[in-house]
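One-letter residues, chain by chain:
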Amino acid sequence: GQTDLTSPQDIQVYIVNTNFTLRWNYTGNDTNVTFSAEYRWFEYFETNETEWKTEWKELPGCQNVTRTECDFSSAITKYYDKHHVRIRAERREELSPWSSIFEMIPYFIAQIGPPGVELQSTNGVIKIKLSPPEANQVRKMWIADLRFKYNLVIWENSSNPEVRSQSIFPTDTIDDLAPDTTYCLKVQATLPLDFQEGLFSPIRCVKTTRKVNDLLCATNVRILALNMKFHLHWKNQYKQRVSYNVQYLIGYLKKLHGDYSMKWLNVPGCENITDTQCSFSSIITTTSGFYYLRVQAMSEYNKSCLSNEVKVDPLTTNEIGPPDVKVDISNVLLHIQISPPGGPECEVMRDHYDLSYRVLYWKNSSNNNEEEVKMKEIKQTIATVSDLTPSTLYCVKAQAFSEAYNKSSDYSKVECIKTPGDKTLPLIILATFVTALIAVLLVATPLVFGLYQIYNKIKYVFFPSCQPPLNIESFGGQVFSSLYLSTTDEPIENCSIIEAITEEVNQIDFKDYKHSKQSSRDSGTYSNDSDTSGSKASEETLEKEIV
């Protein structure tokens, strides 16, 4: 069982599309050595999450080969399953040990093959038509041809060529070329979502022709778009009567492999017109796709000419217009109200651009001094500014911008408003007046109260409100109204005496009264020696009244 044969080394599998090649190195010095390979694959069952592997089998196309490579494309059909490959050296009955196992999942190590390329040089341009890498093949590694994108590399066939690269569609036109010049090019297919780049096609060279300058054709075709309102403009260099049709093509049709020349449509409202501009906003039904436009010029002799095509990517081509600004003052705040570009009915501007606003405001003084311009960036359509100076003219303007699309509008018209006067001085005056009023009230109230009390005392003494009854006004021969102040040092309140008499008059007998009178005479308060008869008369009168 012993052998001198060594095992092959550096096992590698190269895959281009569905073409599989096994390569290895052999370091032995043996002659008449052949090589044979085996393979097996693994199947994964998602239902029970198990993996099943087959037994080792001979690898078709790699049995008893004399070179250090072999093609086994016919053996592999499961491009997403795991495979093992091994190889050994053989010489008659002698067998080397198996090499190390090479493990692979074909799809992940496969390379994209070169696309097919067809060229045509006409009227100063090169028309190119591509076919996908696995065109006309039954078995395909790359199932969806529409996922392919193509990169073109082109250069002038000269000693110091300038190489340029650009993306192209399966059917496309290469312009901006010098006439009567040979250009060479190559094309590569890619799958950007899978981060895979294919092999370049073989280099092809073609010579350009001179471009025929047809005066009938519309020139300088360009697009002007503002706030999702799209207009196509062009120039007319034809001196005779000419009419125009504006035509458009939905962009995804150019991604298809095939002829799309019959799929151009006329823009409604832009048919048989003589003007050199037309609105095509009506055909922009979605912002996620793109469009191509061209102008067909027609003479009165039914001759026609097609202009160059222009691409319209709505959100990229469109420009953002300035917003509208309104300002207002309330209390100590400046309120700024912003209306989005395009007005409230233009939802595309708000929903797709994710607009922000740059607000500039400054004091507009009349002394020609430069005032500092302040800026605020906001996402909302409402902003406020505080710390305002009274009786000052403030001016505001705003700009809309989109960071996602790196676009910004012009600034809006300047709006100015004057802040109200300073309210501090009136408040101080009012506070001073209220304080003074309170102080006056605090001082005047006790003074008025005191004066009122003095007034009451004076009135009480000199102008009493209560008068003695008529029957005692002349009691004792004197007028009681004039006797409130006694001639003695001790004043006697006449009203108290009268009140006592009136309250207890029914309980006092006549003798008590005479005793009281006698006491009064002794004290000298009501004495009158010169008129004894008058006193007696008064006594008699009083007795009669009491009885």
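Residues numbered from 1 in each chain as written. Predicted model: local features only at pLDDT ≥ 70, side-chain atom pairs only at ≥ 80, totals over all residues. Heavy atoms only, no water.

The chain is annotated in an unreviewed UniProt entry as INAR1 protein of Caloenas nicobarica.

(A) Focus on the sheet that holds strand β28 (residues 333–339). Strand order across the open sheet formed by three strands is β27-β28-β31, with antiparallel pairing between neighbours. The open sheet is flanked by β27 (324–330) and β31 (382–385), the only strands paired with a single partner. Going across the sheet, the axis of each strand differs from the next one's by a mean of 20°, ignoring polarity. In the sheet, β27 pairs with β28 via seven bridges, with the strands oriented antiparallel. The partner of Val327 across the bridge, within β28, is Ile336. (Pairing = 2+ DSSP bridges. Helix = DSSP H or I, 4+ residues; strand = E, 2+ residues; numbered from the N terminus. Axes fitted to C-alpha atoms, helices over the stretch in contact; angles between N-to-C directions.)

(B) Structural context of the side chain of Ser7. Relative to the helices and strands, Ser7 resides in the segment before β1 (9–16). A relative accessible area of 18% places Ser7 in the buried class. With residues up to four places along the chain from it excluded, the contact list for Ser7 reads Tyr26, Ser96, Pro97, Trp98 and Ser99. (Buried < 20%, exposed > 50% of the residue type's maximum accessible area, 1.4 Å probe, protein only. Contact = heavy atoms within 4.5 Å.)

(C) Representation of the state of the cysteines. Within this structure, the stated rule accounts for five disulfides. What pairs with Cys217 in a disulfide is Cys305, and their sulfur atoms sit 1.3 Å apart. Between Cys217 and Cys305, the S-S torsion sits near 50°, and that sign places the bridge as right-handed. Note that Cys217 is positioned in the loop between β18 (204–207) and β19 (219–226) and Cys305 in strand β25 (residues 304–306), a separation of 88 residues in sequence. When sorted by exposure, Cys217 lands in the same class as Cys305, which is buried. Between the sulfur of Cys395 and that of Cys416 lies a disulfide, 1.9 Å long from S to S. Disulfide Cys395 to Cys416: torsion about the S-S bond roughly 105°, handedness right-handed. In this pair, Cys395 is assigned in strand β32 (residues 393–402) and Cys416 in strand β34 (residues 415–418), connecting sequence segments 21 residues apart. Using a relative accessible area of 1% as the deciding quantity, one classes Cys395 as buried. (Disulfide = S-S within 2.5 Å.)

(D) Here's a closer look at the packing of aromatic side chains. What the rule picks out here adds up to 15 aromatic pairs. Judged by centre distance (5.8 Å) and plane angle (80°), the ring pair of Tyr107 and Phe108 falls under edge-to-face. Here the aromatic cluster, defined as three or more aromatic residues joined through ring pairs, consists of Tyr80, Tyr107, Phe108 and Trp142. Over the ring of Tyr14 we find Arg23; its NZ or CZ atom is 4.7 Å from the centre of that ring. Against the face of Tyr292 rests Lys254, its NZ or CZ located 4.0 Å from the ring centre. (Phe/Tyr/Trp six-rings, centres within 6.5 Å; stacked < 30°, edge-to-face > 60°. Lys NZ or Arg CZ within 6 Å of the ring centre and 35° of its normal.)

(E) Highlighting the nonpolar core. Residues Leu232, Trp234, Phe280, Leu293, Leu334 and Ile336 are the most contacted members of the largest nonpolar core, which totals 52 residues. When residues are assigned to domains, this core turns out to be shared by domain 3 (219–317) and domain 4 (324–418), each giving three or more. With residues near it in sequence (within four places) discarded, Phe280 still touches Ile223, Phe230, His231, Leu232, Val267, Leu293 and Val312. Grouped together as the second largest cluster of nonpolar side chains are 48 residues, Tyr39, Trp41, Tyr107 and Ile174 included. (Core = buried A, V, L, I, M, F, W, Y, C linked by side-chain atoms within 4.5 Å. Domains from an automatic or database assignment.)

(F) Highlighting a nonpolar patch on the surface. A contiguous nonpolar surface patch, about 790 Å² in accessible area, is contributed by Leu430, Phe433, Val434, Leu437, Ile438, Leu441, Leu442 and Val443. Mapping Phe433 onto the fold places it in helix α4 (residues 424–462). For Phe433, a relative accessible area of 54% translates into the label exposed. (Patch = residues over 30% accessible without salt bridge, like charges linked within 9 Å, V, L, I, M, F, W, Y side chains within 5 Å. Areas by Shrake-Rupley, 256 points an atom, 1.4 Å probe, with all protein chains shown as cover. Salt bridge = Lys/Arg side-chain N within 4 Å of Asp/Glu carboxyl O.)

(G) View of the sheet that holds strand β11 (residues 116–122). Across the sheet, three strands lie side by side as β11-β12-β15; this open sheet has antiparallel pairing. Here the strands that pair on one side only, and so sit at the sheet edges, are β11 and β15 (171–174). With direction set aside, neighbouring strand axes in the sheet form an average angle of 20°. Two elements, strand β12 (residues 125–131) and β15, share four bridges in a ladder whose sense is antiparallel. Each residue of the ladder has a partner; that of Ile128, found in β15, is Asp172.

(H) Broad picture of the environment of Val373. Within the element layout of this structure, Val373 appears in the loop between β29 (356–363) and β30 (374–378). Val373 sits in the partly exposed class, given a relative accessible area of 47%. Taking the C-alpha atoms as reference points, Val373 and Lys363, 10 residues apart in sequence, are found 7.9 Å from one another. Residues within four places of Val373 in sequence aside, it is in contact with Leu360, Tyr361 and Trp362.

(I) How the structure looks around the pattern of salt bridges. By the definition in use, this model includes 12 salt bridges. The partner of Glu94 in a salt bridge is Arg91, and the shortest N-O contact between them spans 3.1 Å. The partly exposed category is assigned to Glu94, whose relative accessible area is 26%. Since its relative accessible area comes to 15%, Arg91 is described here as buried. Lys303 serves as the salt-bridge partner of Asp214, at 3.8 Å between the closest nitrogen and oxygen. Of this pair, Asp214 sits in the loop between β18 and β19 while Lys303 sits in the loop between β24 (291–299) and β25; the two residues are 89 residues apart in sequence, bridging distant segments of the chain.

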